[in-house]
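Overview (structure and organization)
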Amino acid sequence: MTAFETVFERHDDRLGHFALRTLDPAADAALLHRWVTHPKASYWMMQDASLADTEAEYRRIADHPHHEAFIGLHEGEPAFLAERYNPAEVELVGLYEPRKGDVGMHFLCAPTDTPVHGFTLAVITTVMEFCFGDPAVRRVVVEPDVRNDAVHALNAAVGFDVVEKIVKPEKDAYLSTCTRERFVAARAAQGVFR
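This text gives an overview of the structure that appears in the document.

Analysis parameters
- Residues numbered from 1 in each chain as written.
- Predicted model: local features only at pLDDT ≥ 70, side-chain atom pairs only at ≥ 80, totals over all residues.
- Heavy atoms only, no water.
- Helix = DSSP H or I, 4+ residues; strand = E, 2+ residues; numbered from the N terminus.
- Contact = heavy atoms within 4.5 Å.
- Pairing = 2+ DSSP bridges.
- Salt bridge = Lys/Arg side-chain N within 4 Å of Asp/Glu carboxyl O.
- Buried < 20%, exposed > 50% of the residue type's maximum accessible area, 1.4 Å probe, protein only.
- Axes fitted to C-alpha atoms, helices over the stretch in contact; angles between N-to-C directions.
- Core = buried A, V, L, I, M, F, W, Y, C linked by side-chain atoms within 4.5 Å.
- Parallel < 35°, antiparallel > 145°, perpendicular 65-115°, else oblique.
- Left-handed = near helix turned anticlockwise from the far one by under 90°.
- Nonpolar A, V, L, I, M, F, W, Y, C, P; charged D, E, K, R; others polar.

On to the side chain of Thr54, then. As for its placement among the helices and strands, Thr54 is situated in helix α2 (residues 51–63). When residues no more than four places from it in sequence are discounted, the contact partners of Thr54 are Ala29, Leu32, His33, Val36, Met46 and Ala49.

Structure follows, in C-alpha cells:
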C-alpha cells in the first residue's frame, strides 16, 4: 500500500476542503488513465494513451528534476490532477524569456456526470495558491491551447494576462502570466461578487 503525502490544503468557503497529495505513477495509473483519455480531456493530448503509456508519462514526470505532478482531492476524494514545472527547463524552453521566480502549472479536472458550479474555478484557485505558497514564486506561467476558451476565461478570472501567441511542437498556445499581486487582486475581486 502506498503512503501518500498531503503537500497542500485549502478551504473553499462554498465548496469545502481541497488538497494536493503526492502522485504515485504505478498506484495512480488507472485513475489517471481514465481522466486523461476522457473526451473532455482532449486538450491534455493523451486521448490515445494506453494504461502503460499513462504510467510511463507520470513516471517520467516523477523522475524529472524540474517537473512534478499531484493528485488533487476534494473532500478527500481524487478530483483533479495538477502539475508544477520550471518553465525555463520544461515546456517553454526557448519560447519565452524566463524570469527569476517563474513557475509553470497545468491542471485537469476529473470527468464527472454531475458538474458542480464553480468547481473548476475552485480547482485553479487551489493550484495557484499552492504555487504561490512558495515565497520564491513571483509569477505563474501557463501555455494553454489557443482553442481552449474555457481555460482562457478561468485564467483571466484568477489574474492571468495573455502575453503572446507561441507555437509549440504540439499546439499553438497563448503564453500567459500571473503575478502574485494580480492573483491577490483577482481573489479580492471574486470575494466582492461572491
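This is not the end of the story, as more comes after the structure.
Side-chain direction in a regular strand flips from residue to residue, so the side chains alternate between the two faces of the sheet. Relative to strand β8 (residues 172–179), strand β7 (residues 161–167) runs antiparallel, the two sharing six bridges. Its bridge partner being in β8, Ile166 is matched across the sheet by Ala173. Between β7 and β8, which pair antiparallel and follow one another directly, the connecting turn spans four residues.

The tally for this structure, following the rule as stated, stands at 15 salt bridges. Salt-bridge contacts for Glu91 lead to Lys168; the nearest nitrogen and oxygen are separated by 2.4 Å. Here Glu91, found in the loop between β4 (77–85) and β5 (102–109), pairs with Lys168, found in the loop between β7 and β8; they are 77 residues apart in sequence, far enough to count as distant. Classification of Glu91 by relative accessible area gives partly exposed; the value is 28%. Its relative accessible area of 6% is what places Lys168 among the buried residues. A salt bridge links Asp172 to Lys165; the shortest N-O distance between them is 3.9 Å. By sharing partners, the salt bridges in this structure join Glu91, Glu143, Lys168, Glu170 and Lys171 into a single network.

What follows covers the sheet that holds strand β3 (residues 67–74). The eight strands lie next to each other as β1-β2-β3-β4-β5-β6-β8-β7, forming an open sheet whose pairing is mixed. In this open sheet, the two edge strands, each paired with only one partner strand, are β1 (6–12) and β7. Within this sheet the neighbouring strands show an average axis-to-axis angle of 25 degrees, counted without direction. As defined by bridge partners, strand β6 (residues 139–142) adjoins β8 across four bridges and the pair is classed as antiparallel. When the sheet's bridge partners are listed, Val140 is paired in β8 with Cys178. Here α2 sits on the sheet in contact with β3 and β4, set at roughly 115 degrees to β3.

Once that is clear, we can look at the nonpolar core. The nonpolar side chains of a soluble globular protein tend to be buried with one another. Residues Met105, Val127, Met128, Val140 and Phe160 are the most contacted members of the largest nonpolar core, which totals 28 residues. Listed by contribution, the elements that provide at least two residues to this core are β2 (16–22), β4, β5, α3 (119–132) and β6. Looking at this core, the element that brings in the most residues is α3, giving nine residues. Among residues more than four places away in sequence, those in contact with Phe160 are Met105, Met128, Val140, Val141, Val142, Asn155, Ser176, Thr177, Cys178 and Arg182.

Contact pair α3 / helix α4 (residues 149–157): the axes reach a minimum separation of 10 Å and the direction vectors enclose 55 degrees. Here α3 is positioned oblique relative to α4, judged by the angle of their axes. The two elements α3 and α4 cross, and the hand of that crossing is right-handed. In contact with Thr120, Leu121 and Ile124 of α3, α4 contributes Leu154, Asn155 and Ala157. Considering only residue class, the contact of α3 with α4 consists of four nonpolar, two polar and no charged.

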